[in-house]
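Commentary on secondary and tertiary structure
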Amino acid sequence: MPWLPDDDRFLHRALELARDASAFASPNPAVGCVLTTATGDVLGEGAHLYDLRDHAEIVALKDVAVRGHSPYGATAYVTLEPCSIHGRTGPCADALLAAGISRCVVATADPNPSVHGRGLAKLRSAGIAVEVVPASSEIAQQARRLNDAFAFSIVQGRPFVTLKAALSVDGKLAPPPSQRSAEAAPHWLTGPAARADVQQLRHTQDAILTGIGTVLVDDPSLTDRTGQPRRRPLLRVVLDSHLRTPPTAALFREATILRKQKPEYGDTPNTSDLLLFGTAGADSAALTATGADVELLPELSPLAVLKALHRRNIRSVLLEAGSRLNAAFLRAGLVDKLVLYFAESELGPDALPFAVGGPSPFAIQERLSNATRATFPHGDSEDIRITGYLHDPWAAV
Ligand code: AOF
Ligand code: ZN
């Protein structure tokens, strides 16, 4: 069947449903679904919410029933290929077939290797007209962007890492340590508009990661302060080999003890939204007494830490750290996306570099793909935000 005039409209609606629910989907992908009659009337729609278990297609089928309609002969618009597996739920491809739909329009394939292509094949072999949007189209790109972290981590076995830094115009992170202390007022480079944008960035992430150096000098709270609801609180992670984080740190004032869940397939094993990684032998008694999670690893290499976060169902990590951790992750090739804010002020040659021992943020910018530039008003001037990818999250799909 050819591409129909309504196809664009309904796929955009399905994308909107997926996007609106995206803070509730992880560790699953964000997915939206619209079911229509062959003549373009909406029968029902829905999006996947992880805790309600049902995939988007099932939510939409239930909506069809609630509205008193029949899905027989319907067209299903789905932002991701319907699944073919038994996980926490049954396969959506089977449910769509049982409902008697006749056409399925899909924005992008499921990057999950145990589904990839099998959901589409199942529908096709049952005689359903299946259409997959061309990969280069705007809709397909938007559908993929929405699930960058899911696609990357389900294939690579580690979370997708975004490095965020706010820098001076000369590419420095902060004044020299002699001019900074936890007691002093924080030294802001960028203005309130750019800092509000950072909060939005945190809102899209499963975890935020920093080092003990930043905790001791800046005493950050590392919270998502957007006030917008999310399925699980942002997991705040500190790399702290010798567990030197003081129990008086701001991190603990904000800590949330998560409901102890019955361990079951796919549930997050965290019991707090604060997680400290130390090395084997470090004394964790004082910190575990605060309710925080402490995990000891043989070594705190960037890869070992990311693997440990993967075991906790973390799909995306925001690295908001100092020169040393920035350098360690970059050197290990474990930064996948960059979000750099540049303020107008200058910090001079003695200030802390973006990454100790290089690379400079200006050199890295040259390597970014799909780079974007945005500005945020700051007094009489503006802050500049540069984003871009070092690794294409969908490359290995
Ligand atoms: C869909 N529609 O809305 C979602 C899909 O453990 P489960 O049963 O929730 O299955 C998780 C897998 O299902 C996930 O890895 C991904 O491949 C797919 N997610 N599929 O058809 C949805 N969320
Ligand atoms: Zn499914």
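Only a predicted model underlies this, so the values are computations on that prediction, with no experimental measurement involved.

1. Here's the deal with the coordination of the zinc ion (ligand 2)
Looking at the zinc ion (ligand 2), one finds its protein donor set to be His55 (ND1), Cys83 (SG) and Cys92 (SG), positioned 2.0 to 2.2 Å from the metal centre. Taken together, the 4 donor atoms coordinating the zinc ion (ligand 2) and their angles of 102 to 118° define a geometry best described as tetrahedral. All donors of the zinc ion (ligand 2) come from a single chain, and their spacing in sequence reads H-x27-C-x8-C. Note that His55 is positioned in the loop between β2 (42-47) and α2 (56-66) and Cys83 in the loop between β3 (75-78) and α3 (92-99), a separation of 28 residues in sequence. Residue Cys83 is classed as buried on the basis of its relative accessible area of 6%.

2. Quick notes on the side chain of Asp383
Along the polypeptide, Asp383 turns up in strand β16 (residues 381-389). Put simply, Asp383 is tucked away with no salt bridge, and the nearest opposite charge, on Arg195, sits 7.1 Å away. Within polar-contact distance, the side chain of Asp383 engages the backbone nitrogen of Gly191 at 2.7 Å. Looking at Asp383, its side chain comes within polar contact range of the side chain of His378, at 2.9 Å. In contact with Asp383, other than residues within four places in its own chain, are Thr190, Gly191, Ala194, Phe342, Ala343, Glu344, Ala374, Thr375, Phe376 and His378.

3. So, the sheet that holds strand β13 (residues 337-342)
Within the open sheet, the 9 strands sit side by side as β11-β10-β9-β8-β12-β6-β13-β16-β15. Their pairing is mixed. Strands with a single pairing partner mark the edges of an open sheet, and in this sheet they are β11 (293-297) and β15 (369-378). The average angle at which neighbouring strand axes cross in this sheet is 20°, direction not considered. Two elements, strand β6 (residues 160-167) and β13, share 6 bridges in a ladder whose sense is parallel. Following the sheet pairing, Ala165 is matched in β13 by Leu340.

Quick notes on the rules
- Counting from 1, residues in each chain are numbered in the order their sequence is written.
- The lettering of chains begins at A and the numbering of ligands begins at 1, in the order of writing.
- Under the rules for a predicted model, residues below a pLDDT of 70 receive no local features and side-chain atom pairs below 80 are neither given nor counted, while totals for whole chains, interfaces and linings still include all residues.
- Note that water and hydrogens are dropped before the side-chain values are worked out from all heavy atoms of the structure.
- Water is not part of the atom set, so a site may look incomplete; the donors themselves are N, O and S atoms within 2.8 Å of the metal, or 3.2 Å for Na, K and Ca.
- Any site counts as irregular unless it has four donors with all angles between 85 and 135 degrees, making it tetrahedral, or four or six donors with opposite ones more than 155 degrees apart and the rest between 65 and 115, making it square planar or octahedral.
- In this text, helices come from DSSP runs of H or I with a minimum length of four residues, and strands from runs of E with a minimum of two, each type numbered from the N-terminal end.
- Exposure categories follow from relative accessible area, calculated using a 1.4 Å probe and restricted to protein chains: below 20% of the type maximum is buried, above 50% is exposed, and the middle band is partly exposed.
- In this tally, Asp and Glu contribute negative charge and Lys and Arg positive charge; neither His nor the terminal groups of the chain are included.
- Salt bridges are identified by distance alone: a Lys or Arg side-chain nitrogen within 4 Å of an Asp or Glu carboxyl oxygen.
- Within 3.5 Å is the distance limit for a polar contact, defined as a pair of N or O atoms, with the added protein rule that one can donate a hydrogen and the other accept it, and that residues adjacent in sequence qualify only through two side-chain atoms.
- Only heavy atoms matter for contacts: two residues are in contact if any of them lie within 4.5 Å across the pair.
- One requirement defines pairing of two strands: DSSP has to find at least two bridges between them.
- The axes used here are C-alpha line fits, helices contributing only the stretch in contact, and every angle between their N-to-C directions lies in the interval 0 to 180 degrees.

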